[in-house]
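Structure at a glance
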Amino acid sequence: MADLGVKIQELQLKNPVMLASGTCGFAEEMNDFYDVSQLGGIFLKGTTPRNRDGNLYPRMAETPSGMLNAVGLQNKGIDYFIENIYPRIKEYNTPLIVNVNGSTVEEYIEVTEKVNELEKIPAIELNISCPNVKEGGMAFGVTCPGAEAVTREVRKAYKKTLIVKLSPNVTDVSEIARAVEGQGADSVSLINTFVGMAIDAETRRPLLSTVTGGLSGPAIKPIALRMVWQVAKAVRIPVIGMGGIMNTADAIEFLLAGASAVQVGTALFKDPFIPLQIIKGINEYLEKYKMDSVEQLIGGLQM
């Protein structure tokens with residue numbers, strides 16, 4: 001078997017296949033299907049300082065080759081996570097990464113400082129790209145000054161691996177990536193969802209209560225792949241790619257484009273076992289082309 005291990009700065013992964021935040025709950029849901037220790041890592045559901053009920057229903061809609069969601073970061077807050085969820089999942093034998101959210105820089109710091117004390121959480125994903133909340137979220141991620149400000153302050157508060165999740169809803173994602181790298185980000189993950197909408201022609205009403213929502217799934221893959229390729233060339237820190245990964249070939253394309261690891265998200269709604277199939281498929285690909293390590297794939301696009 002080839003060596004599938006990769007490193008995201010100090011974060012050691014047994015393989016490059018992880019689950020995307022917002023698609024796998026707090027890991028327990030996936031552990032009901034299979035032993036999650038087989039995964040490279042899990043990005044837990046978005047967490048905020050206090051309880052959020054999320055947006056009104058309906059907040060999900062199927063689209064051609066994808067889906068729209070406007071869940072709105074529904075969660076019970078960081079204290080509830082620490083007291084009730086963390087004790088149940090902390091011994092899972094794979095890196096668990098908290099997706100940190102806030103409406104202000106101070107709220108991001110509040111969540112970060114509490115996560116920093118959790119021994120079994122080796123990294124956070126700083127979400128400055130959520131399109132489904134009215135304040136904060138994506139507002140920080142669409143300008144360099146905003147992205148720099150929140151990354152700089154969170155970096156001061158967090159001592160372990162800091163991954164910043166980038167929005168595709170910008171003019172130049174590479175510019176934002178360089179901005180957060182300059183403020184101490186250890187890695188960037190991209191992309192989050194695109195802002196989209198759907199209308200019911202019969203009722204003449206939007207399909208989502210929020211009118212617009214985040215588009216994910218196979219429809220966004222070509223754009224996500226292009227953005228990962230651009231960012232991987234622009235920064236020195238590791239890039240984690242996502243956006244429409246449904247099978248082994250998709251994952252390998254992101255690795256070839258320069259991603260050190262990938263996240264699988266919307267595919268889980270189709271089949272929760274797809275990540276395991278991708279891990280197996282990457283190993284078979286490496287053996288087929290007589291590669292000893294997945295590291296030989298990363299950035300291996302031939303021009």
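Residues numbered from 1 in each chain as written. Predicted model: local features only at pLDDT ≥ 70, side-chain atom pairs only at ≥ 80, totals over all residues. Heavy atoms only, no water.

Turning our attention to the sheet that holds strand 15 (residues 239-241). Within a sheet, adjacent strands bond to each other through the backbone by hydrogen bonds, running parallel or antiparallel. If you trace the 8 strands once around the closed barrel, you get 3-4-7-8-9-10-15-16, paired in parallel fashion. Taking the axes of each pair of neighbouring strands and ignoring which way they run, one obtains an average angle of 25° across the sheet. Here 4 bridges tie strand 7 (residues 96-100) to strand 8 (residues 123-127), and the two strands are oriented parallel to one another. The residue of strand 8 that forms the bridge with Val100 is Leu126. Here helix 10 (residues 274-288) sits on the sheet in contact with strand 3 (17-19) and strand 16 (261-264), set at roughly 170° to strand 3. (Pairing = 2+ DSSP bridges. Helix = DSSP H or I, 4+ residues; strand = E, 2+ residues; numbered from the N terminus. Axes fitted to C-alpha atoms, helices over the stretch in contact; angles between N-to-C directions. Contact = heavy atoms within 4.5 Å.)

Once that is clear, we can look at the environment of Lys90. Relative to the elements of secondary structure, Lys90 occurs in the loop between helix 2 (78-89) and strand 7. Residue Lys90 is classed as partly exposed on the basis of its relative accessible area of 33%. C-alpha separation for the pair Lys90 and Lys120, spaced 30 residues apart in sequence, amounts to 5.7 Å. Those residues in contact with Lys90 that lie beyond four places of it in its chain are Leu96 and Lys120. (Buried < 20%, exposed > 50% of the residue type's maximum accessible area, 1.4 Å probe, protein only.)

Between helix 7 (residues 221-234) and helix 8 (residues 248-256), the shortest axis-to-axis distance is 9 Å and the interhelical angle comes to 25°. For the element pair helix 7 / helix 8, the angle class is roughly parallel. Along the contact surface, helix 7 presents Lys221, Ala224, Leu225 and Val228, while helix 8 presents Asp250, Glu253 and Phe254. Grouping the constituent residues of the contact of helix 7 with helix 8 by class yields 4 nonpolar, no polar and 3 charged. (Parallel < 35°, antiparallel > 145°, perpendicular 65-115°, else oblique. Nonpolar A, V, L, I, M, F, W, Y, C, P; charged D, E, K, R; others polar.)

Attention now goes to the side chain of Arg155. Relative to the elements of secondary structure, Arg155 occurs in helix 5 (residues 144-157). Here Asp186 takes part through its side chain, which lies 2.8 Å from a polar atom of the side chain of Arg155. The residues contacting Arg155, other than those within four sequence positions of it, are Lys160, Leu162, Gln183, Gly184 and Asp186. (Polar contact = N/O pair within 3.5 Å; in protein donor to acceptor, adjacent residues only side chain to side chain.)

So, on to the packing of helix 5 against helix 6 (residues 173-182). It is at 8 Å that the axes of helix 5 and helix 6 come closest, and there the two elements cross at 30°. Considering the angle they form, helix 5 stands roughly parallel to helix 6. At the point where helix 5 passes helix 6, the crossing takes the right-handed sense. Here helix 5 contributes Cys144, Ala147, Glu148 and Thr151 to the contact with helix 6, which in turn contributes Glu175, Ile176, Ala179 and Val180. Broken down by class, the residue content of the contact of helix 5 with helix 6 amounts to 5 nonpolar, 1 polar and 2 charged. (Left-handed = near helix turned anticlockwise from the far one by under 90°.)

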